[in-house]
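Structure assessment
Now for the letters of each chain:
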Amino acid sequence: MTDAKIINDPVFGFIKVPRGLLLDIVRHPLMQRLTRIKQLGLTQEVYPGAQHTRFQHSLGAFYLMSEALVSLQQKGVFVFDSEAEAVQAAILMHDIGHAPFSHVLENTLISGITHEEISLMMMDRINQDMHGALNLAISIFKNEYPKSYLHQLISSQLDMDRLDYLRRDSFFTGVTEGNIGSARIIKMLNVVDDALVVESNGIYSIENYLTSRRLMYWQVYLHKTTVGCENVLINALHRAKHLAKKGVELFASPALRYFLYNDITVDAFHKDGKALDNYIALDDNDIWSAIKVWQQHDDKILSLLSSNLINRKIFKVEVREKEPTEEELKQLKQQISERYGVSITDCDYLVGVNRVQKDMYNPFDDHISILYKDGTMKDITEASEILNIELLSKKNMQILPLLSTFLNKNPYLCTNNNQ
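Residues numbered from 1 in each chain as written. Predicted model: local features only at pLDDT ≥ 70, side-chain atom pairs only at ≥ 80, totals over all residues. Heavy atoms only, no water.

Before going further, it helps to spend a moment on the overall build of the protein. Within the protein, the secondary structure is distributed over 19 helices and 11 strands. Sorting the 419 residues of the protein into buried and exposed places 56% on the buried side. If you take every contact in the protein between residues at least 6 apart in sequence, the share linking residues at least 24 apart comes to 71%. Carbon together with sulfur atoms contributes 49% to the accessible area of the protein, which is approximately 18700 Å² in total. (Helix = DSSP H or I, 4+ residues; strand = E, 2+ residues; numbered from the N terminus. Buried < 20%, exposed > 50% of the residue type's maximum accessible area, 1.4 Å probe, protein only. Contact = heavy atoms within 4.5 Å. Areas by Shrake-Rupley, 256 points an atom, 1.4 Å probe, with all protein chains shown as cover.)

In structure tokens form, the structure reads like this:
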């Protein structure tokens, strides 16, 4: 038997996973669940190539972590073999608690708990299966281990998670602006006073990285069509939850039914193993199967939302500088009510306003330090000569009200101008 498993990745080529703990994690059912959850949720409605999974992303982040460890060790940063294996294990599992369609379910079927918290619960389960072999990995993941830079490799402004998803999402969407120089950035990493820094020769790669991240958020992650699609799905799940509370019978897999017919909060996850069991059983297939069947449901709102999602007759989305007034929303709901023959109250499911914002770089939160040859350091905000630092480090870089409605000119066609 060989000492490693070779996996062919379309972004980084051959990825070598050593046999033993790391390969056992890759093969674990909780990791394999990620093969059934797409990395970018409904972004495929804008970029049809965005079909990659969270499992692929996890493998890519693992590969970059392996490269980063080799690079740091070559520069004299001492890392025990046990620490290297633990931080590789942690990055493999960093997204293990994600629900189908990313954060959609966090805001609809469950409340008061994040996917990061659920990730830790799943790590604990795998750790039990492996008789405590992941104790060090979990300690590093939670930033409880003395070597803080190991945690920074997992979660920071320059972690392996971000370096992979920007490169991978750029590859699969075809948005070339996001194609960062991850290899160059990794080669420029170093450790000073237990913190990750970037050597001065890598400043141009960091400038490109921050600019690319900004472009990817506004062209891909927060694309108005993606936001509109997510609103349709969120409102469909809200409507299904509303009907379930009234005792209406709905088609759903056992796992999805558990969340529809019960109010699941953070307490349920901590007190009742059923919550986590059913969460683990959920993947994209549960949601799509339900949505497909709900198209024929007697409830007009649920069937309308479901059929429009399946057939891509999505919300019309308008990007505005100011939020619509109450009077404007009232008029829109009146028009929607007349067009679709539903009550004004039910129109709340067919119109919505989202505030879109994203911080690209916060110099006061785990900042990026540039290390010069004389040993001095500067924050990237001081070191860069070309970046619009005020724009990148602004707390709310952009706040855009997105008005989403089903009031299209042609109710049978998507009227989004971009897609």
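Structure's up, so let's keep going.
Between helix α5 (residues 115–129) and helix α14 (residues 273–281), the shortest axis-to-axis distance is 12 Å and the interhelical angle comes to 100°. By the angle between their directions, the pair α5 and α14 is classed as roughly perpendicular. In this structure, α5 uses His 115, Ile 118, Met 121, Met 122 and Arg 125 to contact α14, whose residues at the interface are Gly 273, Leu 276, Asp 277, Tyr 279 and Ile 280. (Axes fitted to C-alpha atoms, helices over the stretch in contact; angles between N-to-C directions. Parallel < 35°, antiparallel > 145°, perpendicular 65-115°, else oblique.)

Across six bridges, the pairing between strand β1 (residues 4–9) and strand β2 (residues 13–18) is antiparallel. Looking across to β2, one finds that Asn 8 is bridged to Phe 14. Where β1 folds back onto β2 in an antiparallel hairpin, the turn is made up of three residues. (Pairing = 2+ DSSP bridges.)

General note: in soluble globular proteins, nonpolar side chains tend to be found buried as a group. Leu 134, Leu 153, Met 160, Phe 269 and Trp 294 are the most contacted members of the largest nonpolar core, which has 132 residues in total. Tallying contributions element by element places helix α3 (residues 54–74) first for this core, with 10 residues. The contacts of Met 160, once residues within four sequence positions are left out, are Ala 61, Leu 64, Met 65, Ala 68, Ile 91, Leu 153, Ile 186 and Leu 189. (Core = buried A, V, L, I, M, F, W, Y, C linked by side-chain atoms within 4.5 Å.)

Backbone geometry at Asn 143 places phi at a positive 60°, although glycine is not the residue there. Position of Asn 143 relative to the elements: it lies in the loop between α6 (135–141) and α7 (148–154).

Working definition: two side chains of opposite charge can pair if their charged atoms are close together. Overall, the coordinates contain 16 salt bridges when judged by the stated rule. Residues Asp 277 and Arg 125 are paired through a salt bridge, measuring 2.6 Å at the closest nitrogen-oxygen approach. Separated by 152 residues along the polypeptide, Asp 277 in helix α14 and Arg 125 in helix α5 bring together distant segments of the chain. Put simply, Glu 249 and Arg 257 hold a salt bridge, and the shortest N to O gap is 2.8 Å. When salt bridges that share partners are traced, they join Asp 9, Asp 164 and Arg 168 into one network. (Salt bridge = Lys/Arg side-chain N within 4 Å of Asp/Glu carboxyl O.)

The tally for this structure, following the rule as stated, stands at eight aromatic pairs. With centroids separated by 5.7 Å and ring planes inclined at 70°, the aromatic side chains of Phe 101 and Trp 288 adopt a geometry described as edge-to-face. In this pair, Phe 101 sits in the loop between α4 (81–92) and β3 (110–111) while Trp 288 sits in helix α15 (residues 284–294), placing the two residues 187 residues apart along the sequence. Consider the rings of Tyr 217 and Tyr 221, whose centres lie 4.8 Å apart with planes at 65°: the pair is edge-to-face. One end of the pair, Tyr 217, and the other, Tyr 221, are both in helix α10 (residues 203–221), four residues apart, so they sit about a helical turn from each other. Here Tyr 217 matches Tyr 221 in class, with each residue buried. (Phe/Tyr/Trp six-rings, centres within 6.5 Å; stacked < 30°, edge-to-face > 60°.)

The next point concerns the packing of α3 against α4. Two elements in contact, α3 and α4, have axes whose closest approach is 8 Å; the angle formed by their N-to-C orientations is 155°. One finds that α3 runs roughly antiparallel with respect to α4. Remark: the crossing between α3 and α4 carries right-handed chirality. Of the residues in α4, those touching α3 at Ser 58, Leu 59, Ala 61, Phe 62, Met 65, Ser 66 and Leu 69 are Ala 84, Val 87, Gln 88, Ile 91 and Leu 92. Of the residues belonging to the contact of α3 with α4, the class tally is nine nonpolar, three polar and no charged. (Left-handed = near helix turned anticlockwise from the far one by under 90°. Nonpolar A, V, L, I, M, F, W, Y, C, P; charged D, E, K, R; others polar.)

Let us look at the environment of Thr 211. Along the chain, Thr 211 turns up in helix α10. The exposure class assigned to Thr 211 is partly exposed, which follows from its relative accessible area of 35%. With 33 residues separating them in the primary sequence, Thr 211 and Gly 178 have C-alpha atoms 8.4 Å apart.

A few words on the side chain of Thr 108. If you trace the backbone, Thr 108 turns up in the loop between α4 and β3. By relative accessible area, which is 11% here, Thr 108 ends up buried. Filtering out sequence-adjacent residues up to four positions away, Thr 108 remains in contact with Ile 234, Leu 237 and His 238.

What follows covers α14. Here α14 has its buried residues at Ala 275, Leu 276, Asn 278, Tyr 279 and Ile 280. In this structure, the buried side of α14 is in contact with α2 (29–32), β3, α5, α12 (254–260), β6 (264–265) and α13 (266–271). Where α14 begins, the capping side chain belongs to Asp 272, and its oxygen is found 2.9 Å from the backbone nitrogen of Lys 274. (Polar contact = N/O pair within 3.5 Å; in protein donor to acceptor, adjacent residues only side chain to side chain.)

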